[in-house]
Amino acid sequence: MGRVPGVHTRTRELLEALGITTVRDLVTHYPHQDRYRDVGELTTVADAVVGRAVTIVGTIRSWHVERARSRRMTIARASVVDGDGTSVDVPFFNQPWWPKKAPQGTQVAVSGVLQRYRKRLQLKNPKLVEFDPGDAASLEDGRIQPTYPATEGLSSGKLASLVGAALEALPEIEDHLPEVMRAQRGLMSLDAALRAIHRPASEDEAAHARNRLVYDELLCLQIGLQQRRHRLESSVVGLAQAPRTDGRAAALLDTLPFPLTDAQERATAGIGQDLASRKPMHRLLQGDVGSGKTVVAAWTMLTSVDHSRQAVLMAPTEVLAEQHFRTFTGLLAPLGVNVLDGPRVELLTGSMPVSRRRGLLAELAVGAIDILIGTHALLEEVVEFDDLGVVVVDEQHRFGVEHRTRLRDKRRDGHAPDVLVMTATPIPRSLALTFYGDLDVTVLDELPPGRTPVRTHVLASESSRRANLYRFVRERATAGERTYVVCPLVEESEDLPAASATKMHAELSQGVFSDLEVGLVHGRMPTADKDAVMEAFRRGDVQVLVATTVIEVGVDVPEATIMIIEDAQRFGISQLHQLRGRVGRGAGASHCVLFASEEDDNTRLNALAATTDGFRLAEVDLELRGEGSLFDTRQSGLPDLTLARLVRDVEWVAASREDARALVAADPDLIHHPRLADEVRRRYGDERLAALESG
């Protein structure tokens, strides 16, 4: 940092607090991308033209804070006097803290559109910053002013001056992107983009600069993912196991009571091509709740069994693994599952008795088991397959890259089984193309026939309609239907005022539903007790089930038609959508009621009520929370994104993926693009590259 004028010891310490230790760090400390401001020309009040954007440097002479007649709005009005002694009013609405932040006598730079109000001059939509004489150059540089992420003692204006000094000291920056690629995508040079994003001549130029830098981020990320895929496909040989028309997989489809949806047809066609190829399959199958992923997974696994191989499905929890086992045995029952010469399906979990486990592993090793379903216990070294053909990983976002790799490596002959990754959590296209950039993506975006969309209602927790809802629950119970009541807590907490399952169970079972059987399940109960209650709910011996989110996955009760969620504002969109998916699994009409505090912002809940499309909700979730909260990039070896935003930049995500695939296909190690190879390595670092190479 010693090369940058103005960076002294104290400034260096302040910069380090922002993570800036090198000149590169400084010039890549980008401005807020939605906060460029046309500040107008720097002028005096006397020379300013009414109706134009201007910037005026002066001193705050006084503040006057008044409350509007409506009593719902305050106006803090500063009188700023310029160097010529002429004043201008600077009003701030509903910002009464300004007089303390910038008291009388503070030297400031104020910008806004000059207008005349009640015979006085004032600035409309003003921006005020404390003025440091060292910031003067940045005010004179241009009308489009950036706003930087700043810290106490280091203002946005000061950062602009330091960045400007750094850019002036730098020679022309070499570009790592080949000119032909820049021309193909209409991108600026790296040098021009870095300079323009900090000092744009116009907001349009700032947008073009951002596009170039966003593309760089995404391209390097996608190259890393495509290189990982290339290593997987070039270092190992897959298994050719084309679907057979006379096998068990085809027989499964013939036994279904309904035809496959068009989306399922497309999925089996794509997976069938992958299975037939000698290249190992790496495919993501994502589908909303009830879209028919299990049928597609079962068909895929049976296709491998038709070639006298084995298949395995790994789930993140015992509850979900057990649900898969029940579903698979029911689905394959017409094929004679676990009897005579029918397919053999077994379950392996960590809680299995040692003697039973030992026998199961022995049968697995000699090929007596066709399909094995389990949890993380599948990853243990003692679990050996005779001839593993297909690996299915359910809810992949709960596993790291290394989990998928360890399961894939269960073959010892150098060949790789085909891998199908499944998730019931809808993932926006932009996120799927990034987080699963090395996978082919298949989407199940249709519901099978007979499924009726769930009607969703948002009510205040104290709503008078609660009594009517409880009457409706009793009516449906009389008709043989069932109701879930979900609470965020197991027991009451002083620190977190929210509904608890134990208290709600007591209130309902002893009060309004004392004539019904009300069950209770939560995560602290022994597994056997939970299973007993759930089984009673399935049978209909329990009509109302009070629960925590343990029922989010792994529960399939077609007779359940009502989902009530207390303090719904405490859950995320994805979790609420998963919970809602527990009802509407039969042909009858179903309802989901979200009770929430009236004081909370219910944007998420209203979005949930507006659509049952999980993919649209995932986009809303991504917009509201940001991609960083949806997955742990460290778990996947992916670098953090600085400028790129996946929802906003989905077109650049797709373009960078397409370009990265073409680059890596033609030049896997980027031997002919050494500068780009260096840039990928710089962004990833050795640790992240090692993580990518492991997966």
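For the structure, check the block above.
Residues numbered from 1 in each chain as written. Predicted model: local features only at pLDDT ≥ 70, side-chain atom pairs only at ≥ 80, totals over all residues. Heavy atoms only, no water.

Chemist: An account of the overall build of the protein chain is requested, with residue identities and associated values reported.
Modeler: In terms of regular secondary structure, the protein chain is built from 24 helices and 21 strands. Going through the 695 residues of the protein chain one by one, you find that 54% of them count as buried. Within the protein chain, residue pairs in contact and separated by at least 24 positions form 73% of the contacts whose partners lie at least 6 positions apart. (Helix = DSSP H or I, 4+ residues; strand = E, 2+ residues; numbered from the N terminus. Buried < 20%, exposed > 50% of the residue type's maximum accessible area, 1.4 Å probe, protein only. Contact = heavy atoms within 4.5 Å.)

Chemist: Give me the side chain of Arg344: which residues, what numbers.
Modeler: Examined against the element boundaries, Arg344 turns out to sit in the loop between helix H12 (318-331) and strand S11 (345-348). At 2.9 Å, the side chain of Arg344 forms a polar contact with the side chain of Glu346. Non-local contacts of Arg344, meaning those with residues more than four positions away in its chain, are made with Asn338, Glu363, Ala368, Ile369, Asp370 and Ile371. (Polar contact = N/O pair within 3.5 Å; in protein donor to acceptor, adjacent residues only side chain to side chain.)

Chemist: Summarise helix H20 (residues 603-610); cite the residues concerned and give the values.
Modeler: Residues of H20 that are buried: Arg604, Leu605, Ala607 and Leu608. The buried residues of H20 occupy an angular sector of 160° when the element is viewed end-on, so they sit on one face. (Arc of directions from axis to C-beta.)

Chemist: If you had to explain the sheet that holds strand S12 (residues 371-374) to someone new, which residues and values would you point to?
Modeler: The seven strands are arranged S11-S12-S10-S13-S14-S9-S15 in an open sheet whose pairing can be described as parallel. In the strand order of this sheet, the two ends are held by S11 and strand S15 (440-444), each with one partner. Across the sheet, the mean angle from the axis of one strand to that of its neighbour is 20°, orientation sign disregarded. (Pairing = 2+ DSSP bridges. Axes fitted to C-alpha atoms, helices over the stretch in contact; angles between N-to-C directions.)

Chemist: Requested: an account of the side chain of Thr303, with residues and values cited.
Modeler: As for its position among the elements, Thr303 is in helix H11 (residues 293-305). In this structure Thr303 comes out as buried when scored by relative accessible area, which is 1%.

Chemist: Can you tell me about the packing of H11 against H12, naming the residues and giving the values?
Modeler: Between H11 and H12, the least distance of the axes is 11 Å, while the angle of their chain directions is 70°. Between H11 and H12, the angle falls in the class roughly perpendicular. As H11 runs across H12, the sense of the crossing is right-handed. Between H11 and H12, the contacting residues are Thr294, Val295, Ala298 and Met301 on the first element and Thr327, Phe328 and Leu331 on the second. Split by residue class, the contact of H11 with H12 holds five nonpolar, two polar and no charged. (Parallel < 35°, antiparallel > 145°, perpendicular 65-115°, else oblique. Left-handed = near helix turned anticlockwise from the far one by under 90°. Nonpolar A, V, L, I, M, F, W, Y, C, P; charged D, E, K, R; others polar.)

Chemist: Describe the sheet that holds strand S18 (residues 518-521), naming the residues involved and giving the relevant values.
Modeler: Strand-to-strand pairing in sheets goes through backbone hydrogen bonds, with the strands running parallel or antiparallel. One open sheet accounts for six strands, arranged S16-S21-S20-S17-S19-S18; its pairing is parallel. Lying at the two open borders of the sheet, with one neighbouring strand each, are strand S16 (455-460) and S18. Taking the axes of each pair of neighbouring strands and ignoring which way they run, one obtains an average angle of 20° across the sheet. In the packing of helix H19 (residues 573-580) onto the sheet, the strands contacted are S16, strand S17 (482-486), strand S20 (560-565) and strand S21 (591-596), and the crossing angle to S20 comes to about 150°. Taken strand by strand, H20 contacts S16 and S21, and its axis lies near 150° from that of S16.

Chemist: Describe in detail the packing of helix H10 (residues 262-276) against H11, supporting the description with residues and values.
Modeler: In a packed pair of helices, the relevant descriptors are the angle between the two axes and the axis-to-axis distance. Put simply, H10 and H11 touch, their axes get as near as 10 Å, and they point 25° apart. Our classification of the angle between H10 and H11 gives roughly parallel. In this structure, H10 meets H11 at a crossing whose hand is right-handed. For the pair H10 and H11, the contacting residues are Gln264, Ala267, Thr268, Ile271, Gly272 and Leu275 in the first and Val295, Val296, Trp299, Thr300 and Thr303 in the second. In terms of residue class, the contact of H10 with H11 is made up of six nonpolar, five polar and no charged.

Chemist: A description of the nonpolar core should follow, citing residues and the corresponding values.
Modeler: Note on soluble globular proteins: their nonpolar side chains tend to be buried together. Formed by 63 residues in total, the largest nonpolar core has its most connected members in Leu213, Leu219, Ile223, Val312, Leu348, Leu372 and Leu407. The element contributing the most residues to this core is helix H8 (residues 203-235), with eleven residues. Contacts of Leu372, omitting those with residues within four sequence positions, involve Ala311, Val312, Leu313, Glu346, Leu347, Leu348, Leu360, Leu364, Leu378 and Phe385. Membership of the second largest hydrophobic core comes to 37 residues, among which are Ala263, Leu302, Ala311 and Val345. (Core = buried A, V, L, I, M, F, W, Y, C linked by side-chain atoms within 4.5 Å.)

Chemist: An account of the packing of aromatic side chains is needed here, citing residue identities and associated values.
Modeler: One pass over the structure, following the stated rule, counts six aromatic pairs. Between Tyr215 and Trp652 the ring centres are 5.9 Å apart and the planes differ by 75°, which places this aromatic pair in the edge-to-face class. Highlighted residues: Tyr215 in helix H8 and Trp652 in helix H23 (residues 650-666), separated in sequence by 437 residues. The pair Tyr215 / Trp652 is uniform in exposure class, with both members buried. (Phe/Tyr/Trp six-rings, centres within 6.5 Å; stacked < 30°, edge-to-face > 60°.)

Chemist: Hey, could you go over the pattern of salt bridges for me, with residue numbers and the actual values?
Modeler: Applying the stated criterion across every chain, the model contains 34 salt bridges. Sharing partners across several salt bridges, the network here consists of Asp175, Arg182, Arg212 and Asp216. (Salt bridge = Lys/Arg side-chain N within 4 Å of Asp/Glu carboxyl O.)

Chemist: So, the pairing of strand S6 (residues 107-117): which residues are in play, and what are the values?
Modeler: Each regular strand shows side chains that alternate between the opposite faces of the sheet. As defined by bridge partners, strand S3 (residues 53-67) adjoins S6 across seven bridges and the pair is classed as antiparallel. Each bridged residue has a counterpart across the sheet, and for Ala53 the counterpart in S6 is Val113. In terms of strand pairing, S6 meets strand S7 (residues 120-130) through nine bridges, oriented antiparallel. Note that in S7 the partner of Leu114 across the bridge is Leu123.

Chemist: Can you break down H23 residue by residue, with the values?
Modeler: Over its 17 residues, H23 runs 25 Å from end to end, which matches the ideal 24 Å to within 8%, given 1.5 Å per residue. Taken as a whole, H23 has its buried residues at Trp652, Val653, Ala655, Ser656, Arg657, Asp659, Ala660, Leu663 and Val664. (Expected span 1.5 Å × (residues − 1).)

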